[in-house]
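# Reading the structure
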Amino acid sequence: MPGVLVIAEVADGKVLPVAFELLGAARALSAEGAGPVSALVPGQAHAQELIARGADVVYVAPESLAGQMYDAWLPAVDAALQQSGADIVLLGQTASLGRDLGPALAFAHRTAIAPEVTALKLENGRLRVTRPCYGGNARAEHTFAGQLQIASAKPKTFDALEPDASRTGEVKTIDAVGQSRITVLSVEKVESEGVRLEDADVVVAGGRGLGDPSAFAMLEELAKLLRGAVGASRAACDLGWYPPSSQVGLTGKTVSPTLYIAVAISGASQHMAGMSGSKNIVAINKDPEANMVKAAKYAVIDDYRKVLPAFIEEVRKLKAQG
Amino acid sequence: MNIIVCVKQIPDPETPASSFRVDEAAKKVVPAQGIPPVVNPYDPQATEAALRLKEAAGGGKVTVISLGPESARDAIKHALAMGADEGILLNDPGFEGIDNFQTAVALAKAIEKVGQYDLILMGRAAADWDMGVVPMGVATLLGIPCVSIAKAIERVDGKVRVTRVLDDGFQTVEAPLPAVVSVSNEFGEPRYPQLRQIMLAAKKTVQVWNAADLGLSADQLGEANRWLKLEALYVPKVESKVEIIEADSPEEKARILAQKLRADKLI
Ligand SMILES: Cc1cc2nc3c(=O)[nH]c(=O)nc-3n(C[C@H](O)[C@H](O)[C@H](O)COP(=O)(O)OP(=O)(O)OC[C@H]3O[C@@H](n4cnc5c(N)ncnc54)[C@H](O)[C@@H]3O)c2cc1C
Ligand SMILES: Nc1ncnc2c1ncn2[C@@H]1O[C@H](COP(=O)(O)O)[C@@H](O)[C@H]1O
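Presented here is an overview of the structure given in this document. (Residues numbered from 1 in each chain as written. Chains lettered and ligands numbered in written order. Predicted model: local features only at pLDDT ≥ 70, side-chain atom pairs only at ≥ 80, totals over all residues. Heavy atoms only, no water.)

Across its full length, chain B holds seven helices and 15 strands. The buried share of chain B, taken over its 267 residues, is 52%. Looking at chain B as shown, the accessible area adds up to about 11,800 Å², and 50% of this sits on carbon and sulfur atoms. Looking at chain B, you have 30 positive and 36 negative side-chain charges, and the mean spots of the two groups are 3 Å apart. (Helix = DSSP H or I, 4+ residues; strand = E, 2+ residues; numbered from the N terminus. Buried < 20%, exposed > 50% of the residue type's maximum accessible area, 1.4 Å probe, protein only. Areas by Shrake-Rupley, 256 points an atom, 1.4 Å probe, with all protein chains shown as cover. Lys, Arg positive; Asp, Glu negative; His and termini not counted. Charge placed at Lys NZ, Arg CZ, Asp CG, Glu CD.)

The next point concerns the packing of aromatic side chains. Scanning the model with the defined rule gives six aromatic pairs over all chains in all. Look at Tyr134(A) and Phe20(B): their rings are 5.7 Å apart centre to centre, the planes differ by 45 degrees, and that puts the pair in the tilted class. Taken together, the positions of Tyr134(A) in the loop between β9 (126–133) and β10 (138–144) and Phe20(B) in the loop between β2 (9–10) and β3 (21–23) put the pair across two chains. These aromatic residues form a ring-pair network of at least three members: Phe107(A), Phe101(B) and Trp227(B). The side chain of Arg53(A) reaches across the aromatic face of Phe20(A), ending 4.4 Å from its centre. When the ring centre of Trp209(B) is taken as reference, the NZ or CZ atom of Lys113(B) above it lies at 4.8 Å. (Phe/Tyr/Trp six-rings, centres within 6.5 Å; stacked < 30°, edge-to-face > 60°. Lys NZ or Arg CZ within 6 Å of the ring centre and 35° of its normal.)

Residue and element names in this part refer to chain B. For ligand 2, the set of nearby residues contains 20 residues, the closest of which are Cys6, Asp43, Ala126, Val133 and Val134. Taking Val133, its main chain carries an N or O atom lying 2.7 Å from an oxygen atom of ligand 2. A distance of 2.7 Å separates an oxygen atom of ligand 2 from a polar atom in the backbone of Val134. Only β6 (61–67), α3 (100–114), β8 (119–123) and α4 (134–142) provide two or more residues apiece to the shell around ligand 2. Taken together, the residues of the shell around ligand 2 sort by class into twelve nonpolar, six polar and two charged. (Near = heavy atom within 4 Å. Polar contact = N/O pair within 3.5 Å; in protein donor to acceptor, adjacent residues only side chain to side chain. Nonpolar A, V, L, I, M, F, W, Y, C, P; charged D, E, K, R; others polar.)

With that settled, consider the interface of chain A and chain B. In this complex, chain A contributes 75 residues to the contact, which on the side of chain B involves 77 residues. In terms of surface lost to chain B, no three residues of chain A exceed Phe107(A), Tyr134(A) and Tyr298(A), which account for 12% of the buried area on that side. At the junction of chain A and chain B, the tally comes to four salt bridges. Among the ionic pairs, Asp168(B) bridges to Lys189(A), the shortest N-O distance being 3.8 Å. Tallied by class, residues from the side of chain A that touches chain B come to 37 nonpolar, 19 polar and 19 charged. Alignment of strand β18 (residues 298–301) of chain A against strand β15 (residues 243–244) of chain B, held across two bridges, turns out to be parallel. Considered in β15(B), the bridge of Tyr298(A) is made with Glu243(B). (Contact = heavy atoms within 4.5 Å. Buried area = accessible area lost by both parts, 1.4 Å probe. Salt bridge = Lys/Arg side-chain N within 4 Å of Asp/Glu carboxyl O. Pairing = 2+ DSSP bridges.)

Turning next to the pattern of salt bridges. With the rule as written, the count across this model stands at 32 salt bridges over all chains. One salt bridge connects Asp100(A) with Arg164(B), and the closest N-O pair in it is separated by 3.4 Å. With Asp100(A) in helix α4 (residues 98–108) and Arg164(B) in strand β10 (residues 159–166), the pair connects residues from two separate chains. Note on accessibility: Asp100(A) and Arg164(B) belong to one class, buried. One salt bridge connects Arg234(A) with Asp238(A), and the closest N-O pair in it is separated by 3.4 Å. With Arg234(A) and Asp238(A) both in helix α6 (residues 234–238), this residue pair falls four residues apart, about one helical turn. Overall, Arg234(A) belongs to the partly exposed group, its relative accessible area being 29%. A network of salt bridges, in which partner residues are shared, links Lys121(A), Glu123(A), Arg128(A) and Glu141(A).

This is the structure:
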């Protein structure tokens, strides 16, 4: 019996939301005939939640697996694959786990992984994926030669189902746990104040054209006013103006806010790859030919140093009017 | 300390979208006119990391390997000019159109043939297919651990200590050697080869190994044996519907913008 196995990562005692998003995608595949949906998670406590989000079967691995590196996970994934008979594996493309576990699993099974897919469908019972490549300039569609088909997706690529507490499913225990060769010595979290970038309804993002890091204070002021979050281009992050955890794009976060305000960002394909799903884009840029301007709904062609203070003032006024 | 660095030559990832073309029938990217291929931007960073580790260890050898067409020699030369000691080009007509899964197989064979290594350094991903699978592939095939997305790399007590970039911060891990480490842009700028080094590099020899040298048949690498099948390749269509806000002053434009966003209920 084929099926879809979703790997659910746990951090700080919580299932990462990308697992719920993948369960949503897995249910859609199941409706196309991919078979039942199962999930692998460390810790009994999360089983019911995964069932409510779409799993038919939850394989519970020891809680100690949470936070471990990819190689510790391989035996548990293999056990879940064996028991479920799943021929599709979906993982979240996280730096902490999926980015490593996906290819490790693929090479261990001598099959391919399609990383960072943006669409999944079933064709003649086999998986067909779409993924951006060439820095977001192109899209590729792939199928798999091997029996086992593995795909990963960045957080916020697919929609999670609303939790349904009345859903029922089976819970099974797996005790296979590997020993990682890699030791974690320390973890340093970059705390962001206010709304999380990937959850924000409004994102105010800045690029290299800001010219100096202090300009980010202005972006923060605007973001606060709009109850949004601040993002940055990689050029701005590489200059050390803003932490890499705020980077938007191919190698940064994927965001799809209702409003994305791009200040002094040219709109390179690798940046667009992380935010082109935004419902409304505003570009503030000196250059009318900038790619970001073309992608925008509204654009102001001028020096942001003059535009932004006046914009903030006007927003504040409009907000005060209620 | 003996380090192997893998570098790939790719179409320039900074190619503007307006010059980027795909031959949909052939499922191939059409090389942009006047924009020569470049070294994958993360790979000189991997080379930089190798050179710094060698310097810190006070000795050793840095070997550079690239699988690709004859022109990939330039990617190797660049690393040699940065200071790497030896280069190996994996070149065979059978490698034409090879995918990154088979690339990992070929690289692992080449690394086994080189034999002596403490560490293998690669880029976090090649900016053509944007996959980031080869480092883990090579590590799995060689039976050694892989640490990805390195921001800093140190050798401590016969192990490698790596600071990794996480989605919401950083993590420091330690792995036994030999290991594969993939380097991210946060590592910092690679050194720029000086003219004198470029001239010296021109004299360094680059060995060429073909599929048979690696114990691989061209057939094993052929289209029929690719793990990921490419069914379609295309450029997504985007049409511009931008409204440029016109007014006499930047301040006035800003006010109009705010009012429009308000009217649209976006703020
Ligand atoms: C493999 C790879 C992965 C990458 N991943 C990412 C990624 O995840 N995210 C990402 O962002 N990039 C990524 N990049 C980099 C990307 O190619 C671009 O280099 C980068 O996005 C450019 O950043 P920028 O727009 O801030 O800077 P620039 O391209 O330099 O643009 C600056 C803009 O500011 C405007 N400007 C200048 N001064 C002013 C002013 N006073 N007022 C108003 N406007 C002004 C200019 O007109 C210009 O449009 C990646 C690149 C590669 C090769
Ligand atoms: N053809 C190749 N030759 C040498 N190294 C490669 C090749 N392809 C990939 N690599 C290495 O693997 C890294 C990741 O590539 P990829 O997994 O294809 O995204 C690159 O940064 C290189 O270090």
